[in-house]
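# Descriptive analysis of the structure
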Number of protein chains: 2
Amino acid sequence: MRRTYLTPNQHKMRVEKLCANLQEQDIETILVFNSKNVFYLTGLSFIPTERPIILIIHKGDVNFFVPSLEIDHVHHQVPFVSQVFSYFEYPDERHPMYHLASILKNELKLVPNRVSSEAPGAPSYWGYKGPNLEEVTGLKFKLLPDIIMEMRLIKESEEIDLMRESSRWADRVHKYLQEYTEVGANEIDVTIRASTQGSHDMITELGDDYYPTGFSMFPAVALYRGQIGPNSYFPHALSKGLVFKRGDTLVTGASSDVYGVQSELERTMFMGEPSKRQHELFDAMLAAQDAALQAAGPGVYCSDVDQAARQVFKECEVIHLVRHHTGHALGMEGHERPFLDKGSEDVLKPGMIFSCEPGIYEKGLGGFRHSDTFVVTEDGIEILTKYPRDLQSLIIE
Amino acid sequence: MRRTYLTPNQHKMRVEKLCANLQEQDIETILVFNSKNVFYLTGLSFIPTERPIILIIHKGDVNFFVPSLEIDHVHHQVPFVSQVFSYFEYPDERHPMYHLASILKNELKLVPNRVSSEAPGAPSYWGYKGPNLEEVTGLKFKLLPDIIMEMRLIKESEEIDLMRESSRWADRVHKYLQEYTEVGANEIDVTIRASTQGSHDMITELGDDYYPTGFSMFPAVALYRGQIGPNSYFPHALSKGLVFKRGDTLVTGASSDVYGVQSELERTMFMGEPSKRQHELFDAMLAAQDAALQAAGPGVYCSDVDQAARQVFKECEVIHLVRHHTGHALGMEGHERPFLDKGSEDVLKPGMIFSCEPGIYEKGLGGFRHSDTFVVTEDGIEILTKYPRDLQSLIIE
């Protein structure tokens with residue numbers, strides 16, 4: 001099934017799952033600060049500022065504590081919200097946290113020893129400063145910083161559908177990027193042009209099924225980020241407004257935002273027929289990616305997937321050109337735990353989604369890295385990004 | 001003078017200023033984690049991931065502790081770097097923080113009681129988890145979370161030039177936004193089209209003077225963010241792919257990235273001749289903004305600037321439609337301390353840069369908010385964004 005957003009009911013099921021988990025720990029309240037976690041649980045997207053926005057799940061009810069500029073926004077976006085508590089503004093004459101303390105004690109009547117929080121207090125963001133929750137409430141909060149992220153590690157089938165859709169648009173927008181790339185063009189212009197066209201396609205074709213979350217400006221993005229020619233040697237180069245030349249090795253990136261879920265697609269391409277060395281390094285990289293994808297599956301150690309890629313690099317005598325691990329989980333965050341890393345002790349489980357992107361980098365020549373998004377299934381993996389990986393498809397004449 | 005980037009020497013002067021400040025506290029080392037602070041001090045821009053990147057200023061020397069994928073990137077970007085220490089990858093077989101501990105003790109030979117840090121440990125970002133510095137080093141770190149932000153509150157004349165330039169491009173790209181807005185168009189298409197054109201102008205006209213920092217995808221951005229028609233009632237609406245209709249109240253946004261410095265420009269516009277009520281609320285908002293700008297100047301309390309705007313709203317009998325304070329400082333961060341807020345105890349000082357954006361919001365009709373960027377001077381203020389603020393200029397026929 002093609003799915004481009006989740007319904008309020010699907011969010012409610014996530015809240016229920018969290019509450020069941022809390023109940024096992026004899027906890028009846030949790031305060032959530034992380035904006036991605038708030039969206040994951042409730043579908044509320046907002047612009048994080050100096051003004052704390054706190055999701056308070058209490059005895060199964062979904063409540064919020066928000067600044068006045070967000071009150072109606074919450075009612076509008078979260079149909080199953082129970083109570084919306086508010087403060088006027090930050091810093092204001094009375095610090096919002098003291099107002100929160102009264103609400104927790106007098107309105108919600110929190111019970112000591114049964115309250116938890118993602119963090120000791122609202123995060124210091126964009127100039128916000130404030131006291132810890134324990135300080136203002138006198139209550140003892142059990143810190144559960146990872147409880148929601150742990151849920152997010154295993155994607156439900158609905159979320160895998162969102163990632164599949166995101167991958168489809170990453171493929172599409174990348175096609176424009178390749179098409180528009182030519183000798184003499186500027187990477188910024190090509191990036192914007194491809195992303196514009198891909199985004200236009202996406203909002204036009206999806207129509208009412210397109211649900212903007214506000215997390216990214218372009219619905220679909222394909223970009224250069226400075227990895228052009230010798231500069232592609234820097235694995236995390238940044239856009240420099242470089243101009244394409246014959247002989248350049250290129251490393252690209254593409255994604256799209258489907259209800260906050262973002263796939264990862266990257267390709268190594270060449271401006272014209274590659275040299276012998278470019279060809280060799282491309283082949284080594286592709287063989288390493290193949291080996292890692294072959295190794296991946298349910299029950300496999302993350303470290304073994306990394307080692308599969310590293311083994312190929314060793315055999316090709318390019319292990320000294322490796323600068324990073326083979327991949328990372330992803331979903332609503334660009335990178336998530338666990339990592340396909342030789343030091344990881346984690347195991348791949350059905351529902352986990354990873355990038356697979358072993359890379360090698362040769363000074364003066366450039367970088368060689370494909371990245372594809374795959375999901376772990378009950379009996380193997382499914383690669384969600386389908387863009388051609390073979391050399392011939394990636395030469396720009 | 002038109003300035004579009006800073007030189008390594010200007011960064012070195014910031015490091016020296018920080019070191020002088022540390023010396024007064026008898027501190028000889030500081031560890032910096034915040035990526036904006038690292039850029040501010042050294043000019044190093046990087047993509048924050050699960051891999052900690054730490055600036056270590058020690059006895060006046062600029063050192064880094066980075067993952068292997070960033071080693072050459074540091075050398076490339078920071079000509080005055082002293083030593084670049086590195087670890088292979090995170091998580092890796094040995095946690096990078098233990099490697100850092102050896103470096104701090106054996107290579108840099110840190111002296112107990114003379115070391116400080118911005119944070120207790122590397123921030124938990126994109127799946128990173130790690131121990132605190134004190135835990136791994138056995139040293140006592142003095143926490144100085146605000147020391148660099150305090151420097152950043154007062155902008156040097158060079159940084160004010162960057163903001164002036166950023167404001168100039170915000171004005172330019174906003175012109176395209178207004179030009180492309182028409183009945184039946186989709187806000188996402190208009191946003192992308194205007195930002196594309198403005199960014200193209202910017203990279204073309206600035207040529208080699210354009211210095212991309214990688215902080216934003218578009219060099220210049222003008223956008224709608226869902227504040228269209230009745231939806232403009234939500235002060236922090238998010239883009240919904242809305243289509244412009246006659247009679248809509250619009251609230252826009254525009255900025256550009258000039259070496260990491262980003263101005264803020266917002267305008268209230270109307271699709272056709274405004275109704276009596278639209279006219280009234282626009283006039284009240286404009287009068288409030290005028291009053292706040294009049295009130296602002298060196299030595300003035302932030303709260304008095306807010307009160308000046310609120311006084312106008314009271315006189316116009318629309319104070320109940322206010323949802324937020326009058327403005328915030330800005331620079332390399334979208335919002336910074338201090339705030340033009342009735343509860344603030346801060347005073348405006350020469351070199352501080354603020355947004356001035358009193359707003360009112362009427363359900364069913366929409367939002368009314370201009371935002372302009374101004375700098376506090378020795379004897380008043382200078383408004384850096386110059387886009388027309390009057391009603392007649394903001395009616396789209």
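Every value quoted in this text rests on a predicted model; they were computed, and no experiment measured them.

## Focus on the sheet that holds strand β1 (residues 29-32) of chain B
Residue and element names in this part refer to chain B. Ordered in space as β4-β3-β2-β1-β5-β6, the six strands form an open sheet in which the pairing is mixed. Whereas interior strands pair on both sides, the edge strands pair on one side only; in this sheet they are β4 (84-87) and β6 (142-143). Relative to β4, strand β3 (residues 61-67) is paired through four bridges, and the arrangement is parallel. What sits directly across from Phe 65, in β4, is Phe 85. Lying on the sheet, helix α2 (residues 35-42) is in contact with β1, β2 (54-58) and β3; it crosses β2 at an angle near 45°.

## Some words on the pattern of salt bridges
Residue and element names in this part refer to chain B. Tallying each qualifying case throughout the model produces 58 salt bridges over all chains. Among the salt bridges present, the one from Arg 152 reaches Glu 333, with a minimum N-O distance of 2.8 Å. Here Arg 152 is found in helix α6 (residues 147-153), whereas its partner Glu 333 is found in the loop between β11 (327-329) and β12 (336-340), with 181 residues between them in sequence. Residues Arg 172 and Asp 201 are paired through a salt bridge, measuring 2.9 Å at the closest nitrogen-oxygen approach. Of this pair, Arg 172 sits in helix α7 (residues 157-180) while Asp 201 sits in helix α8 (residues 187-206); the two residues are 29 residues apart in sequence, bridging distant segments of the chain. According to the relative accessible area criterion, Asp 201 is buried, its value standing at 10%.

## As for the domain arrangement of chain A
All names here are of chain A. Domain boundaries assigned for chain A yield domain 1 (8-151) and domain 2 (154-396). Centre-to-centre, using C-alpha coordinates, domain 1 lies 35 Å away from domain 2. In this assembly, twelve residues from domain 1 lie in contact with eleven residues from domain 2. Taken together, both faces of the contact between domain 1 and domain 2 bury some 1,200 Å²; the carbon and sulfur share is 50%. Looking at the side of domain 1 facing domain 2, the largest losses of area belong to Lys 36, Phe 39 and Met 149, adding up to 45% of the total buried there. Our enumeration of links across domain 1 and domain 2 arrives at five salt bridges. Taking the shortest distance from any N to any O, the salt bridge between Arg 14 and Glu 156 comes out at 2.8 Å.

## Looking at the interface of chain A and chain B
Taken together, the contact pairs 68 residues of chain A with 69 residues of chain B. Taking both partners together, chain A and chain B bury about 5,800 Å²; carbon and sulfur atoms supply 66% of that area. A salt bridge links Lys 129 of chain B to Asp 146 of chain A, with the nearest nitrogen and oxygen atoms 2.7 Å apart. On the surface where chain A and chain B come into contact, there are 24 residue pairs in polar contact (both at pLDDT 80 or more). Looking at the side of chain A that touches chain B, the elements with two or more residues in it are α3 (71-77), α8 (187-206), β7 (220-228) and β12 (336-340) of chain A. Ranked by the residues each element gives to the side of chain A that touches chain B, the list is headed by α8 of chain A, at nine residues. For the side of chain A that touches chain B, a count of residues per class yields 24 nonpolar, 24 polar and 20 charged.

Parameters and conventions
- Residues numbered from 1 in each chain as written.
- Chains lettered and ligands numbered in written order.
- Predicted model: local features only at pLDDT ≥ 70, side-chain atom pairs only at ≥ 80, totals over all residues.
- Heavy atoms only, no water.
- Pairing = 2+ DSSP bridges.
- Helix = DSSP H or I, 4+ residues; strand = E, 2+ residues; numbered from the N terminus.
- Contact = heavy atoms within 4.5 Å.
- Axes fitted to C-alpha atoms, helices over the stretch in contact; angles between N-to-C directions.
- Salt bridge = Lys/Arg side-chain N within 4 Å of Asp/Glu carboxyl O.
- Buried < 20%, exposed > 50% of the residue type's maximum accessible area, 1.4 Å probe, protein only.
- Domains from an automatic or database assignment.
- Buried area = accessible area lost by both parts, 1.4 Å probe.
- Polar contact = N/O pair within 3.5 Å; in protein donor to acceptor, adjacent residues only side chain to side chain.
- Nonpolar A, V, L, I, M, F, W, Y, C, P; charged D, E, K, R; others polar.

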